[in-house]
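# Examining the three-dimensional arrangement
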Amino acid sequence: MELFRVTGGTPLVGEVSVAGAKNSVLKLMAAALLAEGRTVLSNTPRILDVTIMSEVLRRLGCDVSIEADVLTIDVPSEPGTEADYDLVRRMRASINVLGPLLARRGEVRVAHPGGDAIGSRGLDYHIAGLKRMGAEITSEHGFVIARADRLHGATIWLDFPSVGATENLLMAAVLAKGTTVIDNAAREPDIVDICSLLVSMGAKITGAGTSTLEIEGVDSLRPVAHRVVPDRIVSGTWAFAAAITRGDITIRGAEPTHMEIALDKLHSCGADIHLLGPGEGFRVRMSERPKAVDVVTLPYPGFATDMLPMAITLAAVADGPSMVTENVFDARFMFINEMLRLGADVRTDGHHAVVRGKEWLSGAPVKATDIRAGVMLVIAGLRADGVTEVSDAYHIDRGYPDFLAQMKGLGADIERIAVPDDALPF
Ligand code: EPU
């Protein structure tokens, strides 16, 4: 087991650069399955989840290699049809091979991913949508099994603008016969990114970035080269880290138009935000104690649920009380138990949390429960008195490239250490 040990008291100051978005590249990798031949993705983040997805694709018969930030995927004429439990368990995004493989091969078996530490995560929207497009779907021995000779177009209304369901249905629809309409579709920049990849592969899609996607199926697609959209959640992490530690961080390569509400919240709490030129990123400076602000998470363009731990951590050191409301995942507040160990004053009631800010938190051993919670516990440790140890460090590897080096570059007193499992307090 590895943990991050951080000593509090140092503001983060300097520059970081942001790579492509985890939640985009994983789906772009799945989309590569739609065309035989070589897909090339640049601006790929070097993170554990990309390594896991590469393994998913290899087991489906693809050749996958990465050099610097360029990922190359060579897809055979007949990719495999099964994504096994071992890999799907490690990363839920493996479920995104369901749509493309069904469209391409007419059958697919994917292990059911189940829930995780942020809440229950159903597949019902994915399954209901694919059924409307003519698929027969059963669930047997922990696997979702889908079959369809040729999917056909359909009108699909999503109960909730689910990112994963929108992507799976989109990838199935591009090769279906006829026109598919996805209403109440997700609008995240990741969706716009996958639409732009699919369109350059030859798909016919309109409405990317709106709640209604219209897809006219085509017979085949061609592989292309594509640059992954910058990671708005990693960008937002550094932006909030600057405010929480009262530092000054220039975030190179970030796209401010993808995170307007998050930046507006930082502005309201007193941060100074300076936009650099187009494509260059922005700078966040905070010299005073942040003022308390209320935050409500919602699907894009709302405040991202993946930024909930950032909002709670900011509120925990802000001047005054804040109310933070989570509307997407039912267990995202699990992270708050770890914040309580750091001395944060937080009371939850249903999906609302009332946070009364303190000038300093208090260093303690804590556990990363997911990627975003993990990274924010480390940042919280910088605004805590003494030493904070964040165990289960691998969660952070799943989504933050070069995290240790970037933190050190910003002046953090941090190290990564391996400890035997029985030496951990929990
Ligand atoms: N939902 C259902 N049924 C479904 C699908 C979703 O009930 O068939 C529910 C979920 O339980 C949840 C809500 O709908 O309450 C939204 O889930 P969504 O499908 O949008 O999430 P996802 O596609 O599983 C992606 C990201 C998450 C991010 C969410 C929301 C990836 C790999 N994951 O998950 O990112 O929080 O969208 O924006 O893209 C992370 O990066 O740390 C992370 C968890």
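Keep in mind that this is a model prediction, so the values were computed, not measured. (Residues numbered from 1 in each chain as written. Predicted model: local features only at pLDDT ≥ 70, side-chain atom pairs only at ≥ 80, totals over all residues. Heavy atoms only, no water.)

Broken down by element type, the protein carries 14 helices and 26 strands. Compactness check: the protein gives a C-alpha radius of gyration of 21 Å against a globular reference of 22 Å for 426 residues, within 12% of the reference. Its C-alpha atoms put the protein at 60 × 45 × 45 Å along the principal axes. Out of the 426 residues belonging to the protein, those deemed buried represent 55%. Taking the intrachain contacts of the protein between residues at least 6 apart in sequence as the baseline, contacts between residues at least 24 apart amount to 74%. Total accessible area on the protein stands at roughly 16300 Å², and carbon and sulfur atoms take up 47% of it. Of the side chains in the protein, 42 bear a positive and 55 a negative charge, and the two mean positions are spaced by 1 Å. (Helix = DSSP H or I, 4+ residues; strand = E, 2+ residues; numbered from the N terminus. Rg over C-alpha atoms; globule rule 2.2 N^0.38 Å. Buried < 20%, exposed > 50% of the residue type's maximum accessible area, 1.4 Å probe, protein only. Contact = heavy atoms within 4.5 Å. Areas by Shrake-Rupley, 256 points an atom, 1.4 Å probe, with all protein chains shown as cover. Lys, Arg positive; Asp, Glu negative; His and termini not counted. Charge placed at Lys NZ, Arg CZ, Asp CG, Glu CD.)

Moving on: the pattern of salt bridges. One pass over the structure, following the stated rule, counts 27 salt bridges. Residues D86 and R89 are paired through a salt bridge, measuring 3.4 Å at the closest nitrogen-oxygen approach. Separated by 3 residues within a single helix, D86 and R89 lie in helix α3 (residues 85-90), roughly one turn from each other. For R289, the salt bridge identified is with E359, shortest N-O distance 3.6 Å. Taken together, the positions of R289 in the loop between β17 (281-285) and β18 (295-296) and E359 in the loop between β21 (352-356) and β22 (361-362) put the pair 70 residues apart, joining distant regions of the chain. Residue R289 is classed as partly exposed on the basis of its relative accessible area, which comes to 21%. A single network of salt bridges, built from pairs that share partners, joins E55, R58, R59, D86 and R89. (Salt bridge = Lys/Arg side-chain N within 4 Å of Asp/Glu carboxyl O.)

In this section: the site of the ligand. The full set close to the ligand counts 23 residues, and K27, D124, S162, D306 and V328 are the nearest of them. At 3.0 Å, a side-chain N or O of N23 approaches an oxygen atom of the ligand. For the ligand, whose accessible area on its own is 830 Å², the fraction buried by protein is 87%. Elements that contribute at least two residues to the shell around the ligand include exactly α1 (22-31), α5 (124-132) and α6 (163-173). Here the shell around the ligand is composed, by residue class, of 8 nonpolar, 7 polar and 8 charged. Taken domain by domain, the makeup of the shell around the ligand includes at least three residues from each of domain 1 (2-17 + 230-423) and domain 2 (77-222). (Near = heavy atom within 4 Å. Polar contact = N/O pair within 3.5 Å; in protein donor to acceptor, adjacent residues only side chain to side chain. Nonpolar A, V, L, I, M, F, W, Y, C, P; charged D, E, K, R; others polar. Domains from an automatic or database assignment.)

By domain assignment, the protein separates into domain 1 (2-17 + 230-423) and domain 2 (77-222). Its C-alpha centre places domain 1 at a distance of 32 Å from the equivalent point of domain 2. On the side of domain 2, 13 residues touch domain 1, which itself brings 15 residues to the contact. For the pair domain 1 and domain 2, the summed buried surface comes to about 1200 Å²; carbon and sulfur atoms form 61% of the total. For the domain 1 face of the interface with domain 2, the top three residues by lost area are P299, Y300 and F329, together amounting to 38%. The interface formed by domain 1 and domain 2 contains 1 salt bridge. Among the salt bridges present, the one from D190 reaches R232, with a minimum N-O distance of 3.7 Å. Here domain 1 and domain 2 share 1 residue pair in polar contact (both at pLDDT 80 or more) between them. (Buried area = accessible area lost by both parts, 1.4 Å probe.)

A word on the sheet that holds strand β11 (residues 179-183). One open sheet accounts for 4 strands, arranged β10-β11-β13-β12; its pairing is mixed. At either margin of the open sheet sits one strand with a lone partner, and together these are β10 (155-157) and β12 (204-206). Put simply, the sheet's adjacent strands are angled 15° from each other on average, direction ignored. As paired elements, β12 and strand β13 (residues 212-216) share 3 bridges and run antiparallel to each other. (Pairing = 2+ DSSP bridges. Axes fitted to C-alpha atoms, helices over the stretch in contact; angles between N-to-C directions.)

What follows deals with helix α7 (residues 189-200). An ideal rise of 1.5 Å per residue puts 16 Å on 12 residues; α7 measures up with 17 Å between its terminal C-alpha atoms. Those residues of α7 lying buried are P189, D190, I191, D193, I194, C195, L197 and L198. Two residues or fewer past α7, G202 is found with a positive phi of approximately 115°. (Expected span 1.5 Å × (residues − 1).)

For helix α10 (residues 308-317), a buried count of 10 out of 10 residues is recorded, marking the element as mostly surrounded by other parts of the structure. Where α10 is concerned, the buried positions are L308, P309, M310, A311, I312, T313, L314, A315, A316 and V317.

Turning to the pairing of β11, a few remarks are in order. Sheet analysis places β10 next to β11, joined by 3 bridges and oriented parallel. Directly across from W157, in β11, lies its bridge partner D183. Bridge count for β11 against β13 is 5 bridges, and the pairing is antiparallel. Of the residues in β13, the one forming a bridge with V181 is E214.

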